[in-house]
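Summary of structural features
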Amino acid sequence: MFETSLARDPSEFARIFVHELFHFVWLRLGNPLRRSYEDLLAREIRGRARGELGWSAEWRKEKLSATDLRRRTRRWREYACESFCDTAAWIFAGVDHGEFTLLERFRRQRRDWFEASGVNRGISV
Ligand SMILES: [Zn+2]
């Protein structure tokens, strides 16, 4: 059972909890910061960055076309949201995971973006 296996795996619980929490953060982020994060992702893709920081973002990334990126389609915006949440989970849940496949230099840029954006300072749980 899903809940039982999560209870047995606190680190996976933490990762999923942070991911879900950041869905609310994304909604309240405002357009300038959302666009700024999308710009970061677009630069990564132009830089041929493979991988992601969670399967939720990764399978969406694999389905993206150049048109999705250019037109900021629904598929693109869903990818950006999932990438944001997976990246937050990677940063804040403090656990390692086999789904973390994004290269180190791109991970560093994601972490820098989160620090510069100040989103983590706006969260109180
Ligand atoms: Zn999600």
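Data block above holds the structure.
Throughout what follows, the structure given in this document is the object of discussion. (Residues numbered from 1 in each chain as written. Predicted model: local features only at pLDDT ≥ 70, side-chain atom pairs only at ≥ 80, totals over all residues. Heavy atoms only, no water.)

Next up on the list: the layout of surface pockets. By volume, the largest pocket amounts to about 340 Å³. The wall of the largest pocket is formed by Ile45, Arg48, Ala49, Arg50, Gly51, Glu58, Lys61, Glu62, Leu64, Ser65, Ala66 and Leu69. Per-element tally for the lining of the largest pocket: the top contributor is helix H4 (residues 55-63), with three residues. Its residues assigned to classes, the lining of the largest pocket shows five nonpolar, two polar and five charged. (1 Å grid on protein atoms, 1.4 Å probe; cavity = no way out; pocket = protein on both sides within 12 Å on 5 of 7 lines; lining within 4 Å. Points joined across faces, edges and corners; volume = space filled by probe spheres on them. Helix = DSSP H or I, 4+ residues; strand = E, 2+ residues; numbered from the N terminus. Nonpolar A, V, L, I, M, F, W, Y, C, P; charged D, E, K, R; others polar.)

The next subject is the packing of aromatic side chains. Applying the stated criterion across every chain, the model contains 14 aromatic pairs. Ring geometry for phenylalanine 13 against phenylalanine 17: centres 6.1 Å apart, planes inclined by 25°, an arrangement best described as stacked. Separated by four residues within a single helix, phenylalanine 13 and phenylalanine 17 lie in helix H2 (residues 10-28), roughly one turn from each other. A relative accessible area of 45% places phenylalanine 13 in the partly exposed class. Seen in terms of ring centroids, tyrosine 37 and tryptophan 113 are 5.1 Å apart; in terms of plane orientation they differ by 70°. Their pairing is edge-to-face. Residue tyrosine 37 is located in helix H3 (residues 31-46), and its partner tryptophan 113 is located in helix H7 (residues 104-117); the two are separated by 76 residues in the primary sequence. (Phe/Tyr/Trp six-rings, centres within 6.5 Å; stacked < 30°, edge-to-face > 60°. Buried < 20%, exposed > 50% of the residue type's maximum accessible area, 1.4 Å probe, protein only.)

Let's shift gears to the packing of helix H6 (residues 74-92) against H7. Closest axis-to-axis distance for the H6/H7 pair is 11 Å, and the angle between their directions is 90°. Taken together, H6 and H7 sit at an angle that is classed as roughly perpendicular. Every residue of H7 that contacts H6 at Tyr79, Ser83, Phe84, Thr87, Ala88, Trp90, Ile91 and Phe92 is listed here: Arg107, Arg110, Arg111, Trp113 and Phe114. Looking at side-chain class alone, the contact of H6 with H7 contains eight nonpolar, two polar and three charged residues. (Axes fitted to C-alpha atoms, helices over the stretch in contact; angles between N-to-C directions. Parallel < 35°, antiparallel > 145°, perpendicular 65-115°, else oblique. Contact = heavy atoms within 4.5 Å.)

What follows covers the nonpolar core. Counting 31 residues, the largest nonpolar core has Phe22, Trp26, Leu29, Tyr37, Phe84, Trp113 and Phe114 as the members making the most contacts within it. Broken down by secondary-structure element, the contributors of at least two residues to this core are H2, H3, H6 and H7. The element that contributes the greatest number of residues to this core is H6, accounting for ten residues. Residues within four places of tyrosine 37 in sequence aside, it is in contact with Trp26, Ala80, Ser83, Phe84, Thr87, Arg110, Trp113 and Phe114. (Core = buried A, V, L, I, M, F, W, Y, C linked by side-chain atoms within 4.5 Å.)

This part is about the coordination of the zinc ion. Around the zinc ion, the protein contributes the donor atoms His19 (NE2), His23 (NE2), Glu82 (OE) and Glu82 (OE), at 2.0 to 2.8 Å from the metal centre. Around the zinc ion sit four donor atoms, and with donor-metal-donor angles ranging over 51 to 138° the site reads as irregular. One chain supplies every donor to the zinc ion, and in sequence these donors are spaced H-x3-H-x58-E. Here histidine 19 is found in helix H2, whereas its partner glutamate 82 is found in helix H6, with 63 residues between them in sequence. Since its relative accessible area comes to 8%, histidine 19 is described here as buried. (Donors = N, O, S within 2.8 Å, 3.2 Å for Na, K, Ca; no water. Tetrahedral: all angles 85-135°; square planar, octahedral: opposite > 155°, others 65-115°.)

These figures capture arrangement, not role.
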